[in-house]
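Remarks on the overall topology
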Amino acid sequence: MKDKQVAKILKQESLRQKGVINLIASENYVSKDVLEALGSELTNKYAEGYSKFRYYGGNEFVDKLDDLCKSRALKLFKLKSSEWAVNIQALSGSPANLAVIFGLVPVGGKIMGMELAHGGHLTHGHRVSITGKIWKQIPYGVDKKTEVLDYNEVKKIALKEKPQIIIAGYTAYPRIIDWKKFREIADVCGATLVVDMSHIAGLVAGGVYPSPFPYADVVTSTTHKTLRGPRSALIFSKIDERNLSKKIDQAVFPGIQGGPHMNQIAAVAVALEEAKNPEFKRYVKQVVKNTKVLGDEMKKLGWRIISNGTDSHLILIDIFGTIGMGGKEASDILEYNNIIVNKNTIPFDMRSPIDPSGIRIGTAAETTRGKKEKDMIVIAKKINQILRNKK
Ligand code: DSN
C-alpha cells in the first residue's frame, strides 16, 4: 500500500488483534477468503435494485453473485426457496432491523422488544434508536429472580398491548430461547414474530442452538458474530399471502438504502459456504463448550454469573455485585492487561450503560484461534486475578 499512514494503522490493528485475548461476544476472526472477497473489485460496482431489476447497467456478474449468496443462505439454514425468501442487502444488523420494522409496522405502531438492560438491542425499539422514535416500544424483560425469560409475563404484556410485531433474540442473553413459546404468544395477540438471531446465527447453523425458523415469520441476522463472516446482514421472511418479503425488500431499497455493497455480499457468500463445512460444526460445538467451562470456572472463583450460567457463546458477569467495581473500570483494567471485553448492563441494573454493573464475555473469537477448555480455565483465572488485585 502506498499510503504509509493508513498502512501503519492497518499494521498496528493487525498486531493488536493478534496480541490480545479477544472476548468481545460479537466479534470474530474471518478467513483469508472472506478478506479477499471484501477487498475485491466488486467494491467499484453500483447495483441499486435487485437481481434482474437494477437501475444501472453492467450487472451480469453481480446478479450471479446475488443469486448464489441467496441460495447459500437458504441452504445453510435448511430452508426451501418455496417457503422462505432472503434479503442480502442490508448493510448491517441495525439497518436490517430498521428495514423489517419500516416494512411491516405503520408509523406509530407498537413493537414489542426486550429492554436494553435485560439484553435487548437498541433497534428493538429503545428510545434512543430511530426504532423507538418512530414506533412505540412495548418493553419486556427477564424475571428478577431467575434472570431468564418468564414467558407467562411476556404473554400477559403482549395480550394487553397487542403489538404489531414481537421481537425475540438478543445481544446479551446467555440462555436458550423457547421459540415455540414466542410463536404461541405472537399467535394469541395477532403479532408477527421477528427473531433477531444475530448473536447465535453460527450456533444455529452448526446445530448447537435451536433453530427459530420453524416458528418465526421473519428472521434477521448479522453475519459477523458467531457466523464468522464479514460485517453484513441477512433478512429471511416466510413466503405467504402477507407478502412479507416484498415489503421488506422495498424497505431495504429504496426505503432506507441505496446501492448494496457487492464486495460485502461476495464475502457473505464465502462465509456461508464455510459455515456448511464439518469443521464449522466442530467449531461452534467447541464455542459452547468453552463458554460453559469459562462460566463454571468464574463461578468457582466466586463471581456472580447472570442467570447462573450459559447455553450459548456468551456469559454476563455481575462485577459490581461481586466486588463492588463498575463494569467500565473492569473493562479498562482488563484491556490494560490485553484482555478485551465489553462493559454491559445486567438485568435491573441500577447503574448507567456508560458505567454499568457487568461485563459481557464471549468465546467465539478465541475459539476460532484454537482455544479449548483448558485455555478457558487459564483465562478465567487471569480475569479473576487481574480484577481482584486491580492490577
Ligand atoms: N454491537 C453488537 C453487539 O455487540 O452485540 C450489537 O449491535
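Data block above holds the structure.
We now turn to the structure provided with this report.

Thresholds applied
- Residues numbered from 1 in each chain as written.
- Predicted model: local features only at pLDDT ≥ 70, side-chain atom pairs only at ≥ 80, totals over all residues.
- Heavy atoms only, no water.
- Pairing = 2+ DSSP bridges.
- Helix = DSSP H or I, 4+ residues; strand = E, 2+ residues; numbered from the N terminus.
- Contact = heavy atoms within 4.5 Å.
- Axes fitted to C-alpha atoms, helices over the stretch in contact; angles between N-to-C directions.
- 1 Å grid on protein atoms, 1.4 Å probe; cavity = no way out; pocket = protein on both sides within 12 Å on 5 of 7 lines; lining within 4 Å.
- Points joined across faces, edges and corners; volume = space filled by probe spheres on them.
- Nonpolar A, V, L, I, M, F, W, Y, C, P; charged D, E, K, R; others polar.

**What to know about the sheet that holds strand 12 (residues 314-318)**
By way of backbone hydrogen bonds, the strands of a sheet pair with one another, either parallel or antiparallel. Read from one edge of the open sheet, four strands run 11-12-15-14, paired in antiparallel fashion. The sheet is open, and its two borders are formed by strand 11 (304-305) and strand 14 (342-344), each paired with just one other strand. Sheet contacts for helix 13 (residues 327-336): strand 14 and strand 15 (358-362); angle to strand 15, the most-contacted strand, approximately 45 degrees.

**Brief notes about the layout of surface pockets**
Here the idea is plain: a probe the size of a water molecule rolls over the atoms and shows the empty space left. Estimated volume of the largest pocket: approximately 710 Å³. In terms of lining, the largest pocket is formed by 20 residues, of which the most central are Gln-17, Asn-28, Tyr-29, Val-30 and Leu-35. Every element with two or more residues in the lining of the largest pocket is listed here: helix 1 (4-19) and helix 2 (32-38). Of the residues forming the lining of the largest pocket, the biggest block, six residues, is contributed by helix 1. Of the residues assigned to the lining of the largest pocket, the class counts are seven nonpolar, seven polar and six charged.

**So, empty space enclosed by the protein**
In the structure shown here, the tally under the stated rule is two cavities of 30 Å³ or more. For the largest cavity, the calculated volume is near 40 Å³. Per-class residue counts for the lining of the largest cavity are five nonpolar, one polar and two charged. Approximately 30 Å³ is the volume attributed to the second largest cavity. If you trace the second largest cavity, you find it lined by Asn-97, Val-100, Ile-101, Ile-165, Ile-167 and Val-194. Where the lining of the second largest cavity is concerned, the elements lending two or more residues are helix 4 (93-104) and strand 7 (165-168).

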